[in-house]
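Each chain, letter by letter, is given below.
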Protein chains: 2
Amino acid sequence: MDLYTHEYFMNEALKQAKIAFEEGEIPVGAVIVSKNRIIAKAYNQTERLNDVTAHAEMLAITAAANGLGAKYLNDCRLYVTLEPCPMCAGALFWSQIGEVHFAASDTKRGFRKSNPAMLHPKTQVFSGMMAEQAEKLVLDFFRKLRE
Amino acid sequence: MDLYTHEYFMNEALKQAKIAFEEGEIPVGAVIVSKNRIIAKAYNQTERLNDVTAHAEMLAITAAANGLGAKYLNDCRLYVTLEPCPMCAGALFWSQIGEVHFAASDTKRGFRKSNPAMLHPKTQVFSGMMAEQAEKLVLDFFRKLRE
């Protein structure tokens, strides 16, 4: 029986996104779950690390592989607050991750616009859970930036 | 006047690929050049780092941004021995890199199969230089692996 629900994990990803927001980063957060336990948490750090590759998903993939001592994440699930971009989708492809759950869609920079079949054929994709909260965070961030 | 030619830089990328080969990594090497000077060298380290994101291009992008103290690589050129995969092309998109030069094509996992328009519209792409040497290294690697 699952002790934690998908909503629980997505809420943990949302908490990561809120840390990013507070730190002046585009607010995207991610967690990776293995055997119903969080093994990696990360938020976007492109500004702090001065590195365009430091998206939440990339940092989480690297941390999860480190934690597991395994390069492939077949038995893992990613929860991320925004639809992954093509870079992150490409990394998720290589990781062969079992499931990807994303909250808000990104119609401009999301991987589906580039190629909806970018993820690994074995990867199951779920979207829309807690999308409003995740999207509001991003919209608030850019509104604040423009002020 | 350019003191170094494109061939010089691609040969430096090839040297990186050869280090990968010696270390049992899929032999792909990359260098990033700014103002006609190499500011980052890297080779694929997915095995050593146990990390699917540790492609030569990704490591080079991170190192170049670090060296420049700038997230964007507009004035830079990437030389890489194999056509970048979608993950790396996505990272190159975010970096807004000025030029991408790749040697061998990767018809199976190269970004052009996923979406030929993945790179930044400002990025100029060149391919085919020293392709035979770069491809031979990869073929030799997999031949050796099968033995």
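Every value quoted in this text rests on a predicted model; they were computed, and no experiment measured them.

(A) View of the interface of chain A and chain B. With 27 residues of chain A in contact, the opposing surface of chain B contributes 27 residues. Where chain A packs against chain B, one counts 2 salt bridges. Between Glu47(B) and Lys71(A) there is a salt bridge whose closest N-O contact spans 2.6 Å. Linking chain A with chain B are 12 residue pairs in polar contact (both at pLDDT 80 or more).

(B) Representation of the side chain of Gln45(A) in the model. All names here are of chain A. In this fold, glutamine 45 is placed in the loop between strand E2 (37–43) and helix H2 (56–68). When its relative accessible area of 16% is taken as the criterion, glutamine 45 is described as buried. Setting aside chain neighbours within four positions, we find glutamine 45 in contact with Glu25, Asn50, Ala54 and Leu59.

(C) Representation of the pairing of strand E3 (residues 76–82) of chain A within the structure. Residue and element names in this part refer to chain A. Counting buried positions over the 7 residues of E3 gives 7, a clear majority of the element. Two elements, E3 and strand E4 (residues 99–104), share 5 bridges in a ladder whose sense is parallel. Residue pairing in the sheet places arginine 77 in a bridge with glutamate 99 of E4.

(D) Layout of the relation of the copies chain A and chain B. Under the fitted operation, chain A is carried onto chain B by 0.0 Å of movement along the axis and a turn of 180°, and the coordinates agree to an RMSD of 0.0 Å. The two molecules are tied by a two-fold rotation axis, judged by turn and shift. In terms of C-alpha distance to the rotation axis, chain A has Met87(A) as its closest residue, with the C-alpha 2.0 Å off the axis.

(E) Structural context of the side chain of Asn36(B). Note that Asn36(B) resides in the loop between strand E1 (29–34) and strand E2 (37–43). Of the residues examined, Asn36(B) reaches a relative accessible area of 17% and is grouped as buried.

(F) Spatial organisation of the pattern of salt bridges. Residues and elements named next belong to chain A. Counted under the stated rule, the structure contains 16 salt bridges over all chains. The salt bridge involving lysine 136 is made with aspartate 140; its shortest N-O contact spans 2.7 Å. Linking lysine 136 with aspartate 140, this pair stays in helix H5 (residues 131–146), spanning 4 residues, or about one helical turn. The exposure class of aspartate 140 is partly exposed, given its relative accessible area of 21%. When salt bridges that share partners are traced, they join Glu12, Lys15 and Lys41 into one network.

(G) How the structure looks around the UniProt feature "binding site: Zn(2+)" (unreviewed entry) in chain A. When the UniProt feature table is mapped to this numbering, "binding site: Zn(2+)" (unreviewed entry) covers His55(A), Cys85(A) and Cys88(A). In terms of the greatest pairwise C-alpha distance, the residues named above, spread along 34 residues, form a tight cluster of at most 9.2 Å across. Among the residues examined, His55(A) registers a relative accessible area of 14% and is labelled buried. If we skip the residues at most four places from it in the chain, His55(A) touches Asn44(A), Thr46(A), Cys85(A), Met87(A), Cys88(A) and Trp94(B). By the element assignment, Cys85(A) lies in the loop between E3 and helix H3 (86–95).

(H) Here's a closer look at a nonpolar patch on the surface. A surface patch of nonpolar side chains, about 260 Å² in accessible area, is lined by Ile26(A), Phe142(A) and Leu145(A). Within the fold, Ile26(A) resides in the loop between helix H1 (6–22) and strand E1 (29–34).

(I) View of the environment of Ala13(B). Residues and elements named next belong to chain B. Here alanine 13 is to be found in helix H1 (residues 6–22). For alanine 13, a relative accessible area of 0% corresponds to the buried category. Between the C-alpha atom of alanine 13 and that of alanine 42, which follows or precedes it by 29 residues, the distance is 7.9 Å. If sequence neighbours within four positions are ignored, alanine 13 has contacts with Gly29, Ala30, Val31, Tyr79 and Thr81.

(J) Spatial organisation of the UniProt feature "active site" (unreviewed entry) in chain A. Residue and element names in this part refer to chain A. As recorded in UniProt, the feature "active site" (unreviewed entry) lies at Glu57. Looking at the element boundaries, glutamate 57 is found in helix H2. Those residues in contact with glutamate 57 that sit more than four places away from it in its chain are Ala30, Leu78, Val80, Leu82, Pro84, Cys85 and Cys88.

(K) Representation of the sheet that holds strand E4 (residues 99–104) of chain B within the structure. Residues and elements named next belong to chain B. Taken in spatial order, the 5 strands make up an open sheet running E2-E1-E3-E4-E5, and their pairing is mixed. What marks the edges here is a single partner per strand, and that holds for E2 and strand E5 (124–127). Ignoring which end each strand starts from, the neighbouring axes of this sheet average 15° apart. Pairing geometry for E1 and strand E3 (residues 76–82), over 5 bridges, is antiparallel.

(L) Here's a closer look at the packing of H1(A) against H5(A). All names here are of chain A. Where H1 contacts H5, the two axes come as close as 11 Å, and the packing angle between them is 5°. Between H1 and H5, the crossing angle belongs to the class labelled roughly parallel. From H1, Leu14, Ala17, Lys18 and Phe21 reach across to H5, where they touch Gln133, Ala134, Leu137, Asp140, Phe141 and Lys144. Considering only residue class, the contact of H1 with H5 consists of 6 nonpolar, 1 polar and 3 charged.

Analysis parameters
- Residues numbered from 1 in each chain as written.
- Chains lettered and ligands numbered in written order.
- Predicted model: local features only at pLDDT ≥ 70, side-chain atom pairs only at ≥ 80, totals over all residues.
- Heavy atoms only, no water.
- Contact = heavy atoms within 4.5 Å.
- Salt bridge = Lys/Arg side-chain N within 4 Å of Asp/Glu carboxyl O.
- Polar contact = N/O pair within 3.5 Å; in protein donor to acceptor, adjacent residues only side chain to side chain.
- Helix = DSSP H or I, 4+ residues; strand = E, 2+ residues; numbered from the N terminus.
- Buried < 20%, exposed > 50% of the residue type's maximum accessible area, 1.4 Å probe, protein only.
- Pairing = 2+ DSSP bridges.
- Least-squares fit on C-alpha atoms with pLDDT ≥ 70 in both.
- UniProt positions renumbered as here; feature names shortened; annotations may be inferred.
- Patch = residues over 30% accessible without salt bridge, like charges linked within 9 Å, V, L, I, M, F, W, Y side chains within 5 Å.
- Areas by Shrake-Rupley, 256 points an atom, 1.4 Å probe, with all protein chains shown as cover.
- Axes fitted to C-alpha atoms, helices over the stretch in contact; angles between N-to-C directions.
- Parallel < 35°, antiparallel > 145°, perpendicular 65-115°, else oblique.
- Nonpolar A, V, L, I, M, F, W, Y, C, P; charged D, E, K, R; others polar.

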